[in-house]
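Observations on the three-dimensional arrangement
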Amino acid sequence: ALSNDYELVFYIENKTDKTLSVMSNDVEVNGTPIEPLFVLTVGPRKKAVESMLFYEKDLAEREIEKIKTVNASFKAFDENLETVFETKVIKVPVK
C-alpha cells in the first residue's frame, strides 16, 4: 500500500574512531513542532544514508499538506552515551 509519509534523506560521514548515533531534536515543519522518526548509527570512519520519516497521520493532525520548511537540531553521541557534538537549530534543505 502506498502511503503519504514524507522522508528527508540525510548523508552522514563519521570521521571519528568511534561508532556514533545521531538523533534529531526540536524538529519543526512549517514552524509547527513535530516528532519524526530519526535515529542513525554509523560506524567509525564510515558513511551512512538514512531517512527522517514524517508520518502522514502526524502531518495531517497538524494540518500540514505540503512541507515547505524543516528546522531541527542534531545531537551525536558515542557508545558510552557521551555527547560528541550538538548543533543549534538549523534549516534543513527541502526539495
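Below you will find a few notes about this structure. In this text, all values refer to a predicted model and were calculated from it rather than measured experimentally.

Quick look at the side chain of Ser73
Relative to the assigned elements, Ser73 resides in strand β6 (residues 70-77). Reaching out from Ser73, the side chain makes a polar contact with the side chain of Asp26 at a distance of 3.2 Å. Setting aside residues up to four positions removed in sequence, Ser73 forms contacts with Met23, Ser24, Asn25, Asp26, Thr87, Lys88 and Val89.

Some details on the side chain of Ser51
Note on placement: Ser51 falls in strand β5 (residues 47-54). The exposure class assigned to Ser51 is buried, which follows from its relative accessible area of 19%. A distance of 3.1 Å separates a polar atom in the side chain of Ser51 from a polar atom in the side chain of Glu7. Excluding residues within four positions of it along the chain, Ser51 makes contact with Glu7, Leu8, Val9, Leu37 and Phe38.

So, the environment of Gly31
Within the secondary structure layout, Gly31 lies in the loop between β2 (20-29) and β3 (32-33). Along the primary structure Gly31 and Arg45 are separated by 14 residues, whereas in three dimensions their C-alpha atoms are 35 Å apart.

A short note on the nonpolar core
Ranked by internal contacts, the top residues of the largest apolar core, which has 22 residues, are Phe10, Phe38, Phe54, Val70 and Phe74. Of all the elements in the fold, those that place two or more residues in this core are β1 (6-13), β2, β4 (39-42), β5 and β6. Beyond its immediate stretch of four places on either side in the chain, Phe10 contacts Phe38, Ala48, Val49, Glu50, Met52, Phe74 and Val92.

Parameters at a glance
- Residues numbered from 1 in each chain as written.
- Predicted model: local features only at pLDDT ≥ 70, side-chain atom pairs only at ≥ 80, totals over all residues.
- Heavy atoms only, no water.
- Helix = DSSP H or I, 4+ residues; strand = E, 2+ residues; numbered from the N terminus.
- Polar contact = N/O pair within 3.5 Å; in protein donor to acceptor, adjacent residues only side chain to side chain.
- Contact = heavy atoms within 4.5 Å.
- Buried < 20%, exposed > 50% of the residue type's maximum accessible area, 1.4 Å probe, protein only.
- Core = buried A, V, L, I, M, F, W, Y, C linked by side-chain atoms within 4.5 Å.

Interpretation in functional terms is not warranted from these geometric data alone.
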